[in-house]
Amino acid sequence: MSESSNPDPVRAPRVLAIDLSNQQIKLSGGGEGVGRCPTPKQDPAAMRGLVESWLFETRYDAVAVASVVPDLKQVVERVVKIHGLPLIEANHETASALGMMDFSHYAGVATLGDDRVANIIAACDGAENEAVVAFDLGTATTVDVAVFTDEGYRYLGGSIAPGVNALGTYLGTMTSQLPTVDPAEIDDAETPAIGTSTRGAISAALLYGYPGMIAGILEATLAELATDNVRVVVTGGAADLFCWDAWPEAERDPSLTVRGVELLGMAGIRMDAVSVND
Ligand SMILES: Nc1ncnc2c1ncn2[C@@H]1O[C@H](COP(=O)(O)OP(=O)(O)OP(=O)(O)O)[C@@H](O)[C@H]1O
Ligand SMILES: CC(C)(CO)[C@@H](O)C(=O)NCCC(=O)O
Ligand SMILES: [K+]
């Protein structure tokens, strides 16, 4: 691999990182702020406009994208190509090629979501732990686990559950007599475990049951890892909903996924190992 072809050696390369997830797109241009907006499903024009607006603002050297929405990824690819920029796919293949993580021990790698790869890459960044666990409480709740070996970090796998919002909408859509409950509107102080109304009963299950599921997954995951030297990182829109009693040292990182995309993008630029829209 050759050295970076960054045209201006004085200026650090800039990567536009895009986390193209099912509900919210997150974008980061290497600065402090992360842009968030609802994913424009079935609206390629809106997607095109969004990427164009970011590329218009700043001179980037490359775009890195983690996508779990294939139709919209194609839109990103086209816009980036028109702008003549390299596109770095933030996925397991790129992470493997760049030597950032070994995915060869995970049987399901062919269908592993890019956001999960980005999450575990970012969670392992700077970690000096035997094991790293990344939780993402988004549309789905995902858990991803890696262990540190003599050859670097090795991805083991994880779990996928419906996101907390799915619990609130499922009953409302699948039954005649139950309302939809938005978890964000539940008042913890006003919600006893023994609910006193229909809405209260559903709220009770959400408030006490969902964290119980997370605690159960974490407990079983930690038991399988069989080490106390674990870093647990938590991200996703609903991350702040739950107390993490099962692992009080759990670190919050609201920008975990997009940071992972950025790390993959920067490594890709440095190694010149990018798929330059060929
Ligand atoms: N403050 C909150 N309290 C309760 N639930 C919340 C809160 N914020 C977000 N949620 C719920 O958490 C879920 C994920 O949040 P959000 O909309 O931010 O998506 P996300 O984490 O970006 O997901 P994805 O990455 O899959 O697009 C949603 O189902 C939302 O209803
Ligand atoms: C689980 C989601 C939806 C979370 O965003 C995404 O990572 C995805 O579509 N994954 C594909 C399946 C897998 O990761 O095994
Ligand atoms: K996500």
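Residues numbered from 1 in each chain as written. Chains lettered and ligands numbered in written order. Predicted model: local features only at pLDDT ≥ 70, side-chain atom pairs only at ≥ 80, totals over all residues. Heavy atoms only, no water.

1. Observations concerning the UniProt feature "binding site: substrate" (unreviewed entry) in the protein
Moving on, step 1. The UniProt record annotates "binding site: substrate" (unreviewed entry) at Gly113, Asp114, Asp115, Arg116 and Thr198. For the annotated residues, spread through 86 residues, the largest C-alpha to C-alpha distance comes to 38.5 Å, inconsistent with a single compact locus.
Moving on, step 2. Here Asp115 lies in helix α4 (residues 114–124).
Moving on, step 3. We classify Asp115 as buried; its relative accessible area is 15%.
Moving on, step 4. Residues contacting Asp115, with those up to four places away along its chain left out, are Asp19, Ser21, Ala66, Val68 and Thr257. (UniProt positions renumbered as here; feature names shortened; annotations may be inferred. Helix = DSSP H or I, 4+ residues; strand = E, 2+ residues; numbered from the N terminus. Buried < 20%, exposed > 50% of the residue type's maximum accessible area, 1.4 Å probe, protein only. Contact = heavy atoms within 4.5 Å.)

2. Quick notes on the coordination of the potassium ion (ligand 3)
Moving on, step 1. The potassium ion (ligand 3) binds to the protein through Ser21 (OG) and Asp115 (OD); the donor distances cover 2.7 to 3.2 Å. Of this pair, Ser21 sits in the loop between β1 (15–20) and β2 (24–28) while Asp115 sits in helix α4, placing them 94 residues apart in sequence.
Moving on, step 2. Note on Ser21: relative accessible area 10%, which makes it buried. (Donors = N, O, S within 2.8 Å, 3.2 Å for Na, K, Ca; no water.)

3. Notes on the site of ligand 1
Moving on, step 1. The full set close to ligand 1 counts 15 residues, and Gln24, Lys26, Thr139, Asn165 and Gly237 are the nearest of them.
Moving on, step 2. The separation between an oxygen atom of ligand 1 and a polar main-chain atom of Gln23 is 2.9 Å.
Moving on, step 3. Interatomic distance of 2.5 Å between a side-chain N/O atom of Lys26 and an oxygen atom of ligand 1.
Moving on, step 4. Within the complex, 75% of the 610 Å² of free accessible area of ligand 1 lies under protein.
Moving on, step 5. Within the shell around ligand 1, the residues separate by chemical class into five nonpolar, nine polar and one charged. (Near = heavy atom within 4 Å. Polar contact = N/O pair within 3.5 Å; in protein donor to acceptor, adjacent residues only side chain to side chain. Areas by Shrake-Rupley, 256 points an atom, 1.4 Å probe, with all protein chains shown as cover. Nonpolar A, V, L, I, M, F, W, Y, C, P; charged D, E, K, R; others polar.)

4. Digging into the site of ligand 2
Moving on, step 1. The local shell around ligand 2 consists of Asn22, Val68, Thr111, Leu112, Gly113, Asp115, Arg116, Thr142 and Ile160.
Moving on, step 2. For ligand 2, an oxygen atom lies 2.8 Å from a polar atom in the backbone of Gly113.
Moving on, step 3. Separating an oxygen atom of ligand 2 from a side-chain N or O atom of Asp115 is a distance of 2.5 Å.
Moving on, step 4. Relative to its unbound accessible surface of 390 Å², ligand 2 loses 74% to contact with the protein.
Moving on, step 5. Each residue belonging to the shell around ligand 2 can be placed in one class, and the counts come to three nonpolar, four polar and two charged.

5. Focus on the sheet that holds strand β3 (residues 34–38)
Moving on, step 1. Pairing is mixed in the open sheet, where five strands are placed in the order β3-β2-β1-β4-β5. Of all the strands in the sheet, just β3 and β5 (87–89) have a single pairing partner and so form its edges. Strand after strand, the sheet turns through a mean of 20° between neighbouring axes, direction not considered.
Moving on, step 2. Direction of pairing for β1 relative to strand β4 (residues 62–67): parallel, over a ladder of six bridges. (Pairing = 2+ DSSP bridges. Axes fitted to C-alpha atoms, helices over the stretch in contact; angles between N-to-C directions.)

6. Side note on the pairing of strand β9 (residues 230–235)
The two faces of the sheet receive side chains in turn, since in a regular strand these alternate between them.
Moving on, step 1. Judged by how many residues are buried, β9 sits mostly within the fold: six of six residues are covered.
Moving on, step 2. Direction of pairing for strand β6 (residues 131–137) relative to β9: parallel, over a ladder of six bridges. In the strand pairing of β9, Phe135 is matched with Val234.
Moving on, step 3. Relative to strand β10 (residues 251–252), β9 runs parallel, the two being bridged by two bridges. Across the sheet, Val233 pairs through a bridge with Glu251, a residue of β10.

7. Here's the deal with the packing of α4 against helix α7 (residues 256–271)
Moving on, step 1. Between α4 and α7, the shortest axis-to-axis distance is 7 Å and the interhelical angle comes to 80°. As far as their axial angle goes, α7 and α4 are roughly perpendicular. Where α4 abuts α7, its residues Asp115, Ala118, Asn119, Ile121, Ala122 and Ala123 lie against Leu256, Thr257, Arg259, Gly260, Val261, Leu263 and Leu264.
Moving on, step 2. Of the residues contributing to the contact of α4 with α7, the split by class is eight nonpolar, three polar and two charged. (Parallel < 35°, antiparallel > 145°, perpendicular 65-115°, else oblique.)

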